[in-house]
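Notes for the structure review
The lines below spell out each chain.
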Amino acid sequence: MAVHKYLGLETEFGIVHRGVADPNPIAASSLLINAYLDSIARGETSPGDPRIDWDFESETPGKDARDAPSPSSSPPQVETHLVNTVLGNGARYYVDHAHPELSTPECADARSIVVWDAAAEVIIQRSMAAATSLLGAGEELVVHKNNSDGKGNSYGCHENYLIARSVPFYRIVDHCTAHFVTRQIFTGSGKIGSELPGVDVDYQLTQRADFFEAEVGLETTLKRPIINTRDEPHSDSTKYRRLHVICGDANCSEVATLLKVGTTALVLAMVEDGAALADLHFTSPVGAMRAVSTDMELTRPLSCTDGTTVTALGVQFDLLECAERYVAAGGAESVGGDEVAALVLGHWRDVLEGLEAEPMALADRLDWVAKYRLLDAYRTRHSLDWHDRRLSAIALQYHDLRPDRSLARRAGLVRISSDAEVAHAVEHPPEDTRAWFRGTCLQRYPDAVVAANWDSMVFDVGEPPLRRVPMMEPGRGTRAQVGDLVEASPTAADLIARLGS
């Protein structure tokens with residue numbers, strides 16, 4: 001059986017400091033996060049010590065999954081001097097380059113990702129409110145959940161999937177490239193125009209396709225590849241890889257988020273278990289990615305190396321049918337069980353059949369359709385060209401995370417999560433991954449936690465040396481496994497002693 005597909009999202013948010021002559025996005029991002037942490041310290045919001053530093057001890061962003069990486073490959077820079085902290089719900093909140101970034105805690109299935117991603121939006125909203133209260137008259141920090149500033153700069157929503165190290169990396173490339181190229185038909189968040197020189201298009205499905213230049217590579221900010229080769233598992237490296245996926249959009253639609261991670265987890269599980277998948281290779285994967293994004297009719301033929309052509313919709317229907325057979329044969333366990341698998345498969349089929357019949361009927365489920373409907377109605381009513389600045393402003397407002405300004409909130413998007421679940425997730429970690437141990441320790445022993453990261457925590461128990469507790473298995477450290485032990489440990493020293501025994 002495939003290893004359990006533990007999942008995570010890392011979302012870089014766009015930020016605007018309004019009311020100042022010369023805004024600095026790095027300073028604005030730092031202010032945003034620090035204001036939220038200060039509000040925690042004052043007891044105004046989530047529990048947990050707000051000043052637990054991120055531990056960079058085991059960070060290896062330059063390690064390449066390929067045996068012979070390209071000479072042009074370069075690892076991303078890690079800016080350790082910027083604010084970078086761990087929250088009581090197990091998440092990581094930090095400044096990444098010129099953006100605030102929030103990484104969800106590890107989740108055990110796609111539905112949980114939807115809940116903790118929605119919780120991340122609430123944390124951002126609270127951060128904006130806390131920051132704005134500190135600013136001068138007429139100033140405001142505004143955060144957008146989008147992927148492009150319209151000036152040639154893109155920022156990502158990265159996905160992470162646990163996979164077995166025993167799977168040769170070339171099989172991931174062979175079978176996932178077609179999925180990543182074609183899943184844009186339901187993961188895209190919509191975009192006016194193109195930021196590629198010489199490309200004239202009114203509207204396209206995704207904000208990210210313009211910025212990809214390679215099929216496989218290590219980079220994340222330049223020469224972006226469809227398949228990223230960063231080999232940084234944040235777990236037992238002898239057993240696991242972490243597939244770091246950088247080609248997806250940030251989604252306001254919960255159905256799109258569910259499908260983005262749920263379908264990919266199923267595809268990876270099928271690859272790992274050797275399920276029968278089509279041997280499909282595009283003649284130009286990068287060209288195919290851009291072609292899919294600009295194909296509003298979803299009918300454009302994509303050339304394959306064997307001389308045949310396929311459509312993005314056709315590829316996704318084939319993958320769906322393979323996944324349905326895989327789950328029927330008992331493959332649901334690695335993606336969260338029968339209930340989660342059925343939820344993903346049901347939405348997958350409904351969305352593909354809807355795209356085949358009438359894409360515009362999916363305005364309640366897909367971001368690119370919802371945004372297009374809003375923009376096209378306004379454009380038609382006011383007789384505007386697609387490149388009118390008023391349309392660009394409306395497109396940006398779709399992603400505005402201020403509850404009273406967000407057009408996505410007014411679009412009638414179908415919910416997967418409930419308000420109660422999201423409110424709980426803002427302050428609590430998932431109970432079925434190691435994030436429970438991390439988040440609970442931060443809340444229970446805040447004065448004793450020196451630093452933390454994904455795969456370990458460092459404690460000061462009152463006498464040297466500092467104690468590092470490894471957490472190399474994403475599925476260990478759950479409430480069911482260590483809840484009684486933590487409850488029986490009033491201090492961190494007690495916890496360390498019990499763990500040692």
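What comes next concerns the included structure. (Residues numbered from 1 in each chain as written. Predicted model: local features only at pLDDT ≥ 70, side-chain atom pairs only at ≥ 80, totals over all residues. Heavy atoms only, no water.)

**Description of the pairing of strand E17 (residues 456-459)**
Which entries qualify depends on this criterion: Only protein chains enter the accessibility calculation, which uses a 1.4 Å probe. A residue is then buried if its area is under 20% of the maximum for its type, exposed if over 50%, and partly exposed in between. Secondary structure elements are taken from DSSP: a helix is a run of H or I of four residues or more, a strand is a run of E of two residues or more, and numbering for both begins at the N terminus. Here, strands pair whenever DSSP counts at least two bridges between them.
On E17, burial covers both faces: Ser-456 and Val-458 on one face and Met-457 and Phe-459 on the other are all buried. The turn joining strand E16 (residues 449-452) and E17, which pair antiparallel and follow one another in sequence, is formed by three residues. The sheet contact formed by E17 and strand E18 (residues 467-470) spans four bridges and is antiparallel. Bridge pairing links Met-457 to Val-469 in E18.

**Quick notes on the layout of surface pockets**
Filter applied, for reference: The method works on a 1 Å grid over the protein atoms by themselves. A cavity is a set of points holding a 1.4 Å probe that cannot get out, a pocket is an open set with protein on both sides within 12 Å along at least five of seven lines, and residues with an atom within 4 Å of a point line them. Grid points are joined across faces, edges and corners, and a volume is the space filled by probe spheres set on the points. The residue classification treats Ala, Val, Leu, Ile, Met, Phe, Trp, Tyr, Cys and Pro as nonpolar and Asp, Glu, Lys and Arg as charged. All others, Gly included, are polar.
Estimated volume of the largest pocket: approximately 1100 Å³. Around the largest pocket, the lining comprises 41 residues; the ones closest to its centre are Ser-148, Asp-149, Gly-150, Lys-151 and Tyr-155. For the lining of the largest pocket, the elements supplying multiple residues, two or more each, are strand E2 (14-18), helix H1 (25-41), strand E9 (191-192) and helix H10 (389-398). With five residues, H10 is the single largest residue contributor to the lining of the largest pocket. Looking at side-chain class alone, the lining of the largest pocket contains 14 nonpolar, 19 polar and eight charged residues.

**Describing the pattern of salt bridges**
Going by this rule: For this analysis, a salt bridge means a side-chain nitrogen from Lys or Arg found within 4 Å of a carboxyl oxygen belonging to Asp or Glu.
The final tally for this structure, using the stated rule, is 26 salt bridges. In this structure, Arg-415 engages Glu-254 in a salt bridge whose closest nitrogen and oxygen atoms are separated by 3.2 Å. Taken together, the residues span a long stretch of sequence, with Arg-415 in the loop between H10 and helix H11 (419-427) and Glu-254 in helix H5 (residues 254-273) at a distance of 161 residues. One salt-bridge network, held together by shared partners, links Glu-10, Arg-230, Glu-232 and Arg-242.

**Re helix H8 (residues 338-357)**
Here is the rule we go by: By this rule the span expected of a helix is its residue count minus one, scaled by 1.5 Å. Contacts are assigned to residue pairs that have any heavy atoms within 4.5 Å of one another.
An ideal rise of 1.5 Å per residue puts 28 Å on 20 residues; H8 measures up with 28 Å between its terminal C-alpha atoms. Buried residues along H8 sit in contact with helix H2 (110-132), helix H4 (184-187), H5, helix H7 (312-328) and helix H9 (367-382).

**Re the packing of H9 against H10**
Rule in force here: Think of each axis as a best-fit line through the C-alpha atoms, taken over the contacting stretch in the case of a helix, with angles from 0 to 180 degrees between the N-to-C directions. Crossings are assigned a handedness: left-handed for a near helix turned anticlockwise from the far helix by less than a right angle, right-handed for a clockwise turn.
Direction vectors running N to C along H9 and H10 enclose 150°, while the axes themselves pass 10 Å from each other. Here H9 runs over H10; the crossing is right-handed. Across the interface between the two elements, Asp-367, Ala-370, Lys-371, Leu-374, Leu-375, Tyr-378 and Arg-379 of H9 pack against Arg-390, Leu-391, Ile-394, Ala-395 and Tyr-398 of H10. Within the contact of H9 with H10, the residues separate by chemical class into eight nonpolar, no polar and four charged.

**Some points on empty space enclosed by the protein**
Taken as a whole, this structure holds three cavities of 30 Å³ or more when the rule is applied. Around the largest cavity, the lining is made up of 18 residues, and of these Gly-8, Glu-106, Asn-160, Arg-242 and Arg-434 lie nearest the centre. A total of four residues in the lining of the largest cavity trace back to one element, the largest contributor, which is strand E1 (residues 7-12). Of the residues in the lining of the largest cavity, the class split is nine nonpolar, five polar and four charged. In this structure, the second largest cavity encloses a volume near 60 Å³.

**What to know about the nonpolar core**
In plain terms, the rule: Residue types Ala, Val, Leu, Ile, Met, Phe, Trp, Tyr and Cys, when buried and joined through side-chain atoms within 4.5 Å, form a set referred to as a nonpolar core.
Tyr-93, Ile-185, Leu-243, Leu-266, Trp-348, Leu-352 and Leu-355 are the most contacted members of the largest nonpolar core, which has 129 residues in total. The dominant element in this core, judged by the number of residues it contributes, is H2, at 13 residues. For Trp-348, the residues in contact, after removing those within four places along its chain, are Phe-186, Leu-259, Thr-263, Leu-266, Gln-316, Leu-319, Leu-320 and Ala-323. Counting 22 residues, the second-largest nonpolar core is a separate cluster that includes Phe-437, Ala-452, Phe-459 and Val-469.

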